[in-house]
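Working through the structure, step by step
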Amino acid sequence: MTTPVIRLDGVSRVFPADPPVHALTDVRLSVAHGEYVSIVGASGSGKSTLLNTLGLLDKPTSGSYMLDGLETVGLNDRERTSLRGSRIGFVFQSFHLLGYRSAVDNVAMAELYGKTGRRNRLERAEQALEQVGLGHRAGFRPDKLSGGERQRVAIARALLGRPALLLCDEPTGNLDRANTSGVLDLFDELAAKGVTLVVITHDEQVSRRAHRRVRIEDGRLWEEALCA
Ligand code: ADP
Ligand code: MG
């Protein structure tokens, strides 16, 4: 058996308040290499808390989170930041692109602050753009791109360091139907290439495209049966 990319065991997150808020309760989740999983839930169900936990932006109150075989709960901030940078590619609802830089520069930005090898950075950024079908837009600034193209640039940027996990937070939240469908088609292609994808969304249509669907309700996870 190979090591899962994600393994959460008995994870809870309680926010101190009066009364305390149980945002995640006894969460167990295992995601294998190459899986394409969606986590779907309504507003207030705990999606952001789970995303922050998976992305090493927040620590569980209790439980274990192994990322790519490494226990993360005892790590200090510097170790978590370094692990996050090397293992996780983030895709957010808003694309966070620099308006005055070309698409390829925006992708290459992924490594500006990292310690990973910077050799051939632009060349690899161009390859990443090709991987998302935007090789022909490398020199374009974001304002010359559609919303879907901008999100694909952000996805290329997230893929640059070859992360173990592509962690997406409402990746189509700012997109219309046509652009949403382009991004979801790209997720299919990435999944077919073996990229491990976790997509967190409130959108049932988006979640249905994943190969495995997990529902979050009141901070608890439920595996959903896949009906055709
Ligand atoms: P979602 O992203 O699905 O809307 P969240 O993870 O943001 O859900 O929130 C889950 C629950 O935890 C909600 O009841 C929310 O009010 C609460 N919560 C989130 N963050 C905090 C916080 N920092 N302090 C207190 N309660 C919080
Ligand atoms: Mg949220």
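Data block above holds the structure.
Residues numbered from 1 in each chain as written. Chains lettered and ligands numbered in written order. Predicted model: local features only at pLDDT ≥ 70, side-chain atom pairs only at ≥ 80, totals over all residues. Heavy atoms only, no water.

1. Some thoughts on the site of ligand 1
The environment of ligand 1 is made up of Phe-15, Val-21, Ala-23, Ala-42, Ser-43, Gly-44, Ser-45, Gly-46, Lys-47, Ser-48 and Thr-49. Taking Ser-45, its main chain carries an N or O atom lying 3.2 Å from an oxygen atom of ligand 1. In this structure, Lys-47 approaches ligand 1 through a main-chain N or O atom, which is 2.9 Å from an oxygen atom. The protein chains hide 57% of the 560 Å² of surface that ligand 1 would expose on its own. When residues of the shell around ligand 1 are traced back to their parent elements, those giving at least two are β2 (21-31) and α1 (47-54). (Near = heavy atom within 4 Å. Polar contact = N/O pair within 3.5 Å; in protein donor to acceptor, adjacent residues only side chain to side chain. Areas by Shrake-Rupley, 256 points an atom, 1.4 Å probe, with all protein chains shown as cover. Helix = DSSP H or I, 4+ residues; strand = E, 2+ residues; numbered from the N terminus.)

2. Regarding helix α5 (residues 147-159)
Given a rise of 1.5 Å per residue, 13 residues ought to cover 18 Å, and the 18 Å separating the end C-alpha atoms of α5 matches this to within 8%. Of all 13 residues in α5, eleven are buried; the element is thus mostly enclosed. When α5 is considered as a whole, its buried residues turn out to be Gly-148, Glu-149, Gln-151, Arg-152, Val-153, Ala-154, Ile-155, Ala-156, Arg-157, Ala-158 and Leu-159. Buried-residue contacts for α5 involve β6 (88-91), α3 (103-108), α4 (121-131), β7 (165-169) and α6 (177-192). (Expected span 1.5 Å × (residues − 1). Buried < 20%, exposed > 50% of the residue type's maximum accessible area, 1.4 Å probe, protein only. Contact = heavy atoms within 4.5 Å.)

3. A short note on the packing of aromatic side chains
Counted by the stated rule, this structure contains two aromatic pairs. When the centroid spacing of 6.3 Å and the interplanar angle of 75° are considered together, the rings of Tyr-36 and Phe-187 count as edge-to-face. Pair noted here: Tyr-36 is in strand β3 (residues 36-40) and Phe-187 is in helix α6, with a separation of 151 residues, a long-range link. Among the residues examined, Tyr-36 registers a relative accessible area of 1% and is labelled buried. Judged by relative accessible area, Phe-187 falls into the buried class, the value being 0%. (Phe/Tyr/Trp six-rings, centres within 6.5 Å; stacked < 30°, edge-to-face > 60°.)

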